[in-house]
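Survey of secondary and tertiary structure
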Amino acid sequence: MNRASSVRDMVRSPEAVKDKLLGGLLVPGFDEQSCLSRYQSALYRQTSPHFPSTYLLERLREHEALQKKCGPHTEFYRKAVEQLKSGQDIKVMECNYLVWIAFSGLGNRILTIASAFLYAILTNRVLLVDGDKGTADLFCEPFPETSWLLPSDFPTKQFKNFSISSPESYGNMLKSKALQSSPSFLYLHLAHDYSDFDKLFFCEDNQKYLQAIPWLILKSDNYFVPSLFLIPAYQEELMRLFPQRDAVFHHLGRYLFHPRNVVWGMITRYYDSYLARADEKLGIQIRVFDAETGPFQHVLDQVLACTLKEHLLPEVNNQEPVVPSRKARSKAVLVTSLNSGYYEKFKNMYWEHPTTNGETISFHQPSHEEHQNSDKKMHNMKAWAEIYLLSLSDVMVTSAWSTFGYVAQGLSGLKPWLLFKPENRTAPDPPCRQVLSMEPCFHAPPFYDCKAKRGVDTGKLVPHVRHCEDMSWGLQLVDQS
């Protein structure tokens, strides 16, 4: 079926109605016009082979009810805000909250919202997200009949400026032994620069204390889900929620992140114009961590070595001007990069020479912003559109350490070919490898045994939490089943 078919025709099909809810992750009843992507994404994406557990679906429905009951503009929210304003020590309330602070680049923000959401489910907290840095412009509301956006009149105005040095942080209060019995709120600093005291968040005894705090305010640029799997109190629940360990972000990402209509228009126009009619779609994501913008020859060499060696792209014939083929397969290659140089090199190579197998190859790059600028609205919209377009690929190549690539692979449910990080501007050998897990990497995990109170290799404690394939000190969920 042509994926660019009209939505009306798809909706008539019972199978399409079932599929548009993504195996039960989504619920019917939203106003479809207010967020076209929520139910139309099934038109553009292959049906996922990874099925959410029945228990996850039950918990999502329970959490939706909690968000509706306690969300903004409800009586419970009003009372909770009044108690927060009072600043007094208070007992645990009927509704408790986790406030996510917008921080870092778009890929990091998506991964930290997903991490915060899972923590909210585990601790029965209402998740409220700060709408800054374009969050409100990028994503539809994920919960029915309520909003997840933190109201602009939230009383703790200074929360956006909280940092590792803030006296309100849980880590600093532990360090100075200034913890009250039950403060009205605590700030959780879980960013890459967090201290050893901040990292005690991942200890079970500390979690017991945090349960009594009505408001937790979180800042992070990390996908900290793997370390939640190491907290004994949450392990049984997490096993029930995710029997397939490497599909956590795949399910949570598809549940939470639906492009707003403006971004969805950018995605669908590009897809229908350049990608829809190809027999196969290859996505290549190139992220270079270098002070200079490039393009770099060693990066081009690495990408070519990977795609040719793994037969993701065909060789070109330098001897013959034409390689005839009656029924040539077509392959559309989507390139995402801050720099246009790689796309231009690829495009010219396959324009100037025929392929040895007769395949027709077209290259497409939606934008080339040159520099990451996460505070600009249109930059974020383009980045979100390109992440989503990349996730619609049939085969994917991504760059080591890149949260942009992590999000795309997680949404797609694919195990991409990972481009290893070059050292000394030299293409690595081998250039790439297909990953064992589609889960993102936690770049700054704690290495601490909470019971023994000493350092430990947290990548060797349980079979389903291992060190990342692209970052030796990071942690990643893997599926052992």
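Right above here is the structure, for reference.
Let me sum up the structure you'll find in this document.

**Focus: the sheet that holds strand β1 (residues 97–100)**
Pairing in this open sheet of four strands is parallel, and the strands run β2-β1-β4-β3 from one edge to the other. Since the sheet does not close on itself, it has two edges, and those belong to β2 (126–129) and β3 (185–190), each with one partner. Sheet twist, expressed as the average angle between the axes of neighbouring strands with direction ignored, equals 20°. The strands that helix α4 (residues 54–70) touches are β1 and β2; relative to β2, the one it contacts most, it runs at about 65°. Across the sheet, helix α6 (residues 106–123) is in contact with β1, β2 and β4 (215–220); its angle to β1 comes to roughly 175°.

**Brief notes about helix α3 (residues 36–44)**
Buried residues dominate α3, accounting for eight of its nine residues. Inspection of α3 places Ser37, Arg38, Tyr39, Gln40, Ser41, Ala42, Leu43 and Tyr44 among the buried residues, and these make up the whole buried set.

**Notes on α4**
With 17 residues, α4 should cover 24 Å at 1.5 Å per step; its first-to-last C-alpha distance of 25 Å lies within 8% of that length. Along α4, the residues classified as buried are Tyr55, Leu56, Leu57, Arg59, Leu60, His63, Glu64, Leu66, Gln67 and Cys70. Tucked into the core, α4 has its buried residues touching α5 (75–86), β1, α6, β2, α11 (232–241) and α12 (248–256).

**Notes on the pattern of salt bridges**
Oppositely charged side chains may form a pair once their charged atoms are brought near each other. For the structure on display, the rule yields 19 salt bridges. The salt bridge partner of glutamate 237 is arginine 59, with a shortest N-O separation of 2.9 Å. Of the two residues, glutamate 237 sits in helix α11 while arginine 59 sits in helix α4, which places them 178 residues apart along the sequence. Overall, glutamate 237 belongs to the buried group, its relative accessible area being 19%. One salt bridge connects lysine 199 with aspartate 196, and the closest N-O pair in it is separated by 3.9 Å. Its relative accessible area of 61% is what places aspartate 196 among the exposed residues. Among the ionic contacts, a cluster of salt bridges with common partners joins Arg59, Glu62 and Glu237.

Rules used in this analysis
Residues numbered from 1 in each chain as written. Predicted model: local features only at pLDDT ≥ 70, side-chain atom pairs only at ≥ 80, totals over all residues. Heavy atoms only, no water. Pairing = 2+ DSSP bridges. Helix = DSSP H or I, 4+ residues; strand = E, 2+ residues; numbered from the N terminus. Axes fitted to C-alpha atoms, helices over the stretch in contact; angles between N-to-C directions. Contact = heavy atoms within 4.5 Å. Buried < 20%, exposed > 50% of the residue type's maximum accessible area, 1.4 Å probe, protein only. Expected span 1.5 Å × (residues − 1). Salt bridge = Lys/Arg side-chain N within 4 Å of Asp/Glu carboxyl O.

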